[in-house]
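Breakdown of the fold
The primary structure of each chain is shown beneath.
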Amino acid sequence: MGEAARRAHEAGFDVVDIHGHTGYLVDQFMSSCWNRRTDEYGGSPENRARFAVECIRAVKENAPDAVVSFRISVNHRFDGGRTRDETQELVRALEAGGLDMILCDDGSYEAMDYVFPPYYLGDDCMVDAAKRVKDVVSIPVGACGNITPDSGEAILQRGDADLIVIGRGLIADPDLVAKLREGRPENVRPCIRGNQLCTGNAFFGKAIGCAVNPEVGYEGVRVISPTDAPRRIAIIGAGPAGLEAARVAGGRGHTVDVYEQREDIGGVLLPAAAPDFKEELRRMIPWWRTQLDALDTVTVHLGEAIAADDPRLAEADEVIVAAGSQPLMPASIPGIERAIDVLAFHEGAEVGHRVVMCGGGLSGADAALELAEAGHEVVIVEMADEIARDMFMLNRISLLRNLAEAGVRILTGTTVTAIGGDGVHVEGHDGASVLEADTVIAAFGSRPATGLAEELAAQGISARTVGDCVSPRTVGDAVNDAYELALAL
Ligand SMILES: Cc1cc2nc3c(=O)[nH]c(=O)nc-3n(C[C@H](O)[C@H](O)[C@H](O)COP(=O)(O)OP(=O)(O)OC[C@H]3O[C@@H](n4cnc5c(N)ncnc54)[C@H](O)[C@@H]3O)c2cc1C
Ligand SMILES: Cc1cc2nc3c(=O)[nH]c(=O)nc-3n(C[C@H](O)[C@H](O)[C@H](O)COP(=O)(O)O)c2cc1C
Ligand code: SF4
């Protein structure tokens, strides 16, 4: 530890942060759930803090000018793990041992979603950890986890913490601090907390990327540099794919016209990011608006449904179709017309008290959670053996906990066979049954909107396709593919 601190110091770092979190060695010494020692390193809080204090001293001796900080999980959040009360005793010992600063949140390998908090956990989801530590120490205390510039400011104003720690927000926008300093908060690109390409990639041994910032991992390689051959580009669709393509192509100096049939930009995000827990995803829409407004090369035409024979397409040098997808309503299910699709629900269709959600993928599970949290009685019917099985497993931990807390009933291995006036007919492990419902929502996924690209091809206009109209996936896929496409023009 001392040797590592010496090298960090020589390399010019001002702060050395000791990782006392997530059940790693230092945390193991501090926690009675793992530390069974009976010598001077086990038992009392002072003894369990001894190894951590020795680390602090080793860092101080070897990096005398550096600030020594400590990353602590204040609440392990599993039965038998360390609680906030126990942590209060430990941090007193760390302060007495010479610590300069402490950074607080929760979690452990047993409650991994708190270490990389997904959108389900909401803003400032662990600020209480910092508050509890601040109650018992006088060194600066940092709060961490799903903190935005605005919510961070409020935390500081309330005095719940002395400093704000931001992780993924700085991946999504490495210029976050500079933009705030320059008084341009509307230009800060929000982290959408999906963990898709940062934590997700890291877990699978890949270099990190970012769902909203395609330059992550490609610094110096992916650069929006001026084109030496400016062209006229028509983009159909102002969802994430069309907006990102316009931002990059316009930023390079191409003349870009974006056509959108809706009265606003955002595509599927407009309805799909409506739940409170998707606020950060929703915030991408004003961010794109700000970026495009600043480009005099980009014009957005709203309320214009473009047909393949539109003369403006023939005049463009490049046509990009970013037309998205359409909800899947399987005609093979008798009575499917009695159901509303999941987007119709998000767009404000009336929903009764008892809801059967047909399909437990991301869109169905998220809609079920939103409805249950609003007081509806919700059953999810899913054909596979588990719901949201394509979801990154850390996000899924939070989702399943929230669904359970909201009282959502989940029927897996169960197929919808028909929808009748008496309810939803299903076939499951226990045979056939009927689920009574006031509203049936179809969340069977979506299919790519390929019609426009096919019609253009039939007219001899070669168009590039990007986003969900190639294959319905995620915002991260749409944004990263659109960025690459526009950079190659
Ligand atoms: C309910 C739901 C929840 C979701 N939740 C998440 C999530 O939490 N995280 C995540 O990463 N992804 C989520 N997704 C997926 C994500 O929304 C999509 O992957 C993403 O929006 C795809 O972007 P896109 O631009 O390709 O398509 P879209 O967002 O569908 O945009 C396409 C746009 O093209 C317009 N358009 C189509 N045809 C024409 C035409 N002829 N003329 C003019 N305009 C046209 C449409 O009006 C639309 O605005 C969700 C999807 C759904 C349905
Ligand atoms: C890709 C990635 C790697 C991380 N690695 C570490 C780590 O090595 N040590 C650590 O203490 N936290 C690590 N974290 C967690 C962050 O420090 C932070 O606690 C977490 O991202 C929540 O803060 P945020 O909501 O501001 O992102 C990592 C986070 C990400 C996204
Ligand atoms: S991949 Fe998603 S969660 Fe990770 S930094 Fe980017 S926006 Fe945030």
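Residues numbered from 1 in each chain as written. Chains lettered and ligands numbered in written order. Predicted model: local features only at pLDDT ≥ 70, side-chain atom pairs only at ≥ 80, totals over all residues. Heavy atoms only, no water.

Right, let's talk about the UniProt feature "domain: Rhodanese" (unreviewed entry) in the protein chain for a bit. Sequence positions flagged by UniProt for "domain: Rhodanese" (unreviewed entry) are, in local numbering, residues 355-389. This span, residues 355-389, is 34% helix and 26% strand, and a straight line between its end C-alpha atoms measures 22 Å. (UniProt positions renumbered as here; feature names shortened; annotations may be inferred. Helix = DSSP H or I, 4+ residues; strand = E, 2+ residues; numbered from the N terminus.)

Although it is not a glycine, N146 sits at a positive phi angle of roughly 55 degrees. Checked against the element boundaries, N146 lands in the loop between β4 (141-144) and α6 (149-158). Residue N146 is classed as buried on the basis of its relative accessible area, which comes to 6%. With a phi angle near 60 degrees, N195 is a residue other than glycine that sits in the positive phi range. With respect to the helices and strands, N195 occurs in the loop between α8 (176-181) and α9 (199-203). (Buried < 20%, exposed > 50% of the residue type's maximum accessible area, 1.4 Å probe, protein only.)

Another point: the domain arrangement of the protein chain. Its domain assignment divides the protein chain into domain 1 (2-166), domain 2 (232-326 + 448-487) and domain 3 (336-444). Relative placement of domain 1 and domain 2: their C-alpha centres are 44 Å apart. (Domains from an automatic or database assignment.)

Enumeration according to the criterion identifies zero disulfides in this entry. Summary of cysteine pairing: C55 is not part of a disulfide, and the nearest cysteine sulfur, belonging to C104, is at 17 Å. Residue classification places C55 among the buried residues on the basis of a relative accessible area of 6%. A disulfide-free cysteine, C144 has its sulfur positioned 8.5 Å from the sulfur of C125, the nearest such atom. Using a relative accessible area of 12% as the deciding quantity, one classes C144 as buried. (Disulfide = S-S within 2.5 Å.)

Let us look at the site of ligand 2. H19, R71, N146, G167 and R168 are the nearest of the 13 residues found near ligand 2. One nitrogen or oxygen atom from the main chain of N146 is found 2.7 Å from an oxygen atom belonging to ligand 2. Within the backbone of G167, an N or O atom sits 2.7 Å from an oxygen atom of ligand 2. Burial of ligand 2 by the protein chains amounts to 73% of its free accessible area of 610 Å². The pocket occupied by ligand 2, as judged from atoms lying within 2 Å of grid points, is the second largest pocket. (Near = heavy atom within 4 Å. Polar contact = N/O pair within 3.5 Å; in protein donor to acceptor, adjacent residues only side chain to side chain. Areas by Shrake-Rupley, 256 points an atom, 1.4 Å probe, with all protein chains shown as cover. 1 Å grid on protein atoms, 1.4 Å probe; cavity = no way out; pocket = protein on both sides within 12 Å on 5 of 7 lines; lining within 4 Å. Sits in = over half its atoms within 2 Å of the grid points.)

Before going further, it helps to spend a moment on the site of ligand 3. Surveying the vicinity of ligand 3 reveals the residues R168, I171, C191, I192, R193, G194, N195, L197, C198, C210, A211 and V212. A molecule is said to occupy a pocket when more than half its atoms come within 2 Å of that pocket's grid points, and by this definition ligand 3 occupies the largest cavity.

This part covers the packing of aromatic side chains. Overall, the coordinates contain 11 aromatic pairs when judged by the stated rule. Each ring, one from F29 and one from Y41, has its centre 5.9 Å from the other, and the planes form 65 degrees; the classification is edge-to-face. In this pair, F29 sits in helix α2 (residues 25-30) while Y41 sits in the loop between α2 and α3 (45-62), placing the two residues 12 residues apart along the sequence. Each member of the pair, F29 together with Y41, is buried. Between F204 and F392 the ring centres are 6.5 Å apart and the planes differ by 65 degrees, which places this aromatic pair in the edge-to-face class. With a gap of 188 residues between them, F204 in the loop between α9 and β6 (232-236) and F392 in the loop between β13 (377-381) and α17 (393-405) connect regions that are remote in the sequence. (Phe/Tyr/Trp six-rings, centres within 6.5 Å; stacked < 30°, edge-to-face > 60°.)

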